[in-house]
Amino acid sequence: MKFVYMNLMPYRDLPKNFEKDYESVFISIPRTLYDPEKGHEMYNDYIDQYELAIDLGFDAVGVNEHHSNGYGLMPSPNVMAATIARKVKDSEKACLVILGNSLALYNPPIRVAEELGMLDVITGGRLIAGFPVGTSMDTNYAYGISPAELRPRYYEAHDLIKKAWTTDEVFHFNGKFNQLRYVNVWPRTQQSPHPPIWIPGGAASLETWDWVAENDYQYSYLSFYGHKFAKDKFDKFWARRQEKGYDMNPYKAAFVQMICISETDAKAQEEYEEHINYFFEKSFHVSPRYAEAPGYRSARSVAHGMKSQYGSEGAGAQLRKGLSWQQLIDQGFIVAGSPASVREQLREAAKNLHVGNIIAMLNHGSMPQHLALKNIELMAKEVIPYLRDMWDDQWPVTNWPEVQLNSNNKETVK
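Everything numeric in this text was worked out from a predicted model, so none of it was measured.

Peer 1: Sorry, what's going on with the pairing of strand β1 (residues 2-6) here?
Peer 2: One face of the sheet, then the other: side chains in a regular strand alternate in exactly this way. Burial within β1 is extensive, with 5 of its 5 residues counted as buried. Neither face of β1 is exposed, since Lys2, Val4 and Met6 on one face and Phe3 and Tyr5 on the opposite face are all buried. In terms of strand pairing, β1 meets strand β2 (residues 60-63) through 3 bridges, oriented parallel. Bridging across to β2, Met6 finds its partner in Gly62.

Printed below as a string of C-alpha cells:
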C-alpha cells in the first residue's frame, strides 16, 4: 500500500459567519478577506508539514491547483513543488506528485513539460505527473475557458506534452488551439520515456476511465465525501476496466480520505471536530452558481452519474448536511479515532474500494499547526506501517517512479 500526504493549504481564518455572510469560497470571495501576514505564516506552516511528511517516510507528497478561492491556497502547484523538491531528492524514497496542472489553462502547454522536466531532474527521477481536467470553478469561471472547449484543449495539451517528452528531434505542432513552429523541450525528464502519469478527477466520467485505461495511466478519485461515497464510483470504475479487458491491479487507482488521529477515539473528536466542521461549512462553501457550468461534463457522463447510488458531488454535499461526528465516521466522510481505529477503518476502505494508493488529507480547515503535525506523525508511525503489506502478495506496484518500485518496505509491521 502506498501513502501520499496531501495538503489543500486552506485559508484557516475565514470569518466566523462566512457561510452565512458570503456567497461562495470560490470565485466571488472578497480579496479583502485575505491577510498577507497570516498567509505568510500559513504558507510556511504548510511547507513545514510537507517536510515532516517526507522525513517520516510517506511514499510521496502531493500538490494541486486551484484558483480564486479560500479553499486551497495553491494557484501554482509547480511553485510549491519546487520549494520541496530538494527535500524529496534528499529523502530515502519519497516522490513528488503533481496533482494539479490543469492542462487546458496553460498556453502554450509546453510550459508544463518544461517545468515538470525541471522537477523530475531536481528530484532525481521521483516525479509523478498528474493531469486533471480541473474543476469547473477553476477552468470555466476563474480562467474563462468555454466548457465546450475545455476537454478538447485538455486532450490537445496532453498530446503535445507527451510528444515533447518522447520526441528527440525538434518538431512542429499544428493543433486547433496550439500552433508552434519549434518544439524542443529542455531539460529532458530523468525518467524515460517520461514520469508516471496520474489522472485526478472528481466526477464519474466514463470517457476519463476509458482514456486512463487505454493509456495505462493511474486514476485518482478526488472527493471529500469519503470512502463510502466513493464505493459506488469505484465499483463502476473496476467494472468498466473488466468490461474493456484490463487488469484489476489496485495500484491503478487512488482515493482521497480525510483522516483525524489522536490517542483515543474521544480525544480525536475533542481535537478535530471544530476543524472538520470549518472545512465542510466554510472551506467547502461553494455556490451552486459556480459548482458546474453547463457543458462541463458530457451528456453521457451526466446520465451515468444520475444512475449511480449517490449521483454527483452535489449529492454528496446534501448527504453530509446535519451529520454528527460519529455519523461522519459511520458514513465514511472522515476516518477518525485512535491509531487502532484508524487502521481498521482504512484497511476496510482500501479493501472495499480495491485501491493500492491512499491520498491522506491530514490538515483540515482551521487546524492549528501543532495539531496538523501531530496528525502527520501519528499517521506515519502508528498507522502506515500496519497497512503496508495489504497487496504485497497479490499485485506488483505500478505507475510509480523506480525508487518506489524497488522499495522493500522494511517498515511493514506484521
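Back to the text.
Peer 1: Is there a simple way to think about the nonpolar core in this case?
Peer 2: Core analysis: the largest hydrophobic core is formed by 132 residues, its most contacted members being Phe58, Leu96, Phe131, Phe234 and Met379. Ranked by the residues each element gives to this core, the list is headed by helix α15 (residues 369-387), at 9 residues. Every residue in contact with Leu96, bar those within four places of it in the chain, is listed here: Val61, Ala81, Ile84, Ala85, Val88, Leu119, Thr123, Arg126, Leu127 and Ile128.

Peer 1: How should the packing of helix α4 (residues 110-122) against helix α6 (residues 147-166) be read in this particular structure?
Peer 2: Axes are the key here: two packed helices are described by the angle between their axes and the distance separating the axes. Between α4 and α6, whose axes approach to 8 Å, the crossing angle comes to 45°. The angle between the axes of α4 and α6 places the two elements in the oblique class. Relative to α6, α4 is oriented so that their crossing is right-handed. On the side of α4, the interface is formed by Ile110, Val112, Ala113 and Leu116, while α6 contributes Leu160, Ile161, Ala164 and Trp165. Grouping the amino acids of the contact of α4 with α6 by side-chain chemistry returns 8 nonpolar, no polar and no charged.

Conventions used here
Residues numbered from 1 in each chain as written. Predicted model: local features only at pLDDT ≥ 70, side-chain atom pairs only at ≥ 80, totals over all residues. Heavy atoms only, no water. Buried < 20%, exposed > 50% of the residue type's maximum accessible area, 1.4 Å probe, protein only. Helix = DSSP H or I, 4+ residues; strand = E, 2+ residues; numbered from the N terminus. Pairing = 2+ DSSP bridges. Core = buried A, V, L, I, M, F, W, Y, C linked by side-chain atoms within 4.5 Å. Contact = heavy atoms within 4.5 Å. Axes fitted to C-alpha atoms, helices over the stretch in contact; angles between N-to-C directions. Parallel < 35°, antiparallel > 145°, perpendicular 65-115°, else oblique. Left-handed = near helix turned anticlockwise from the far one by under 90°. Nonpolar A, V, L, I, M, F, W, Y, C, P; charged D, E, K, R; others polar.

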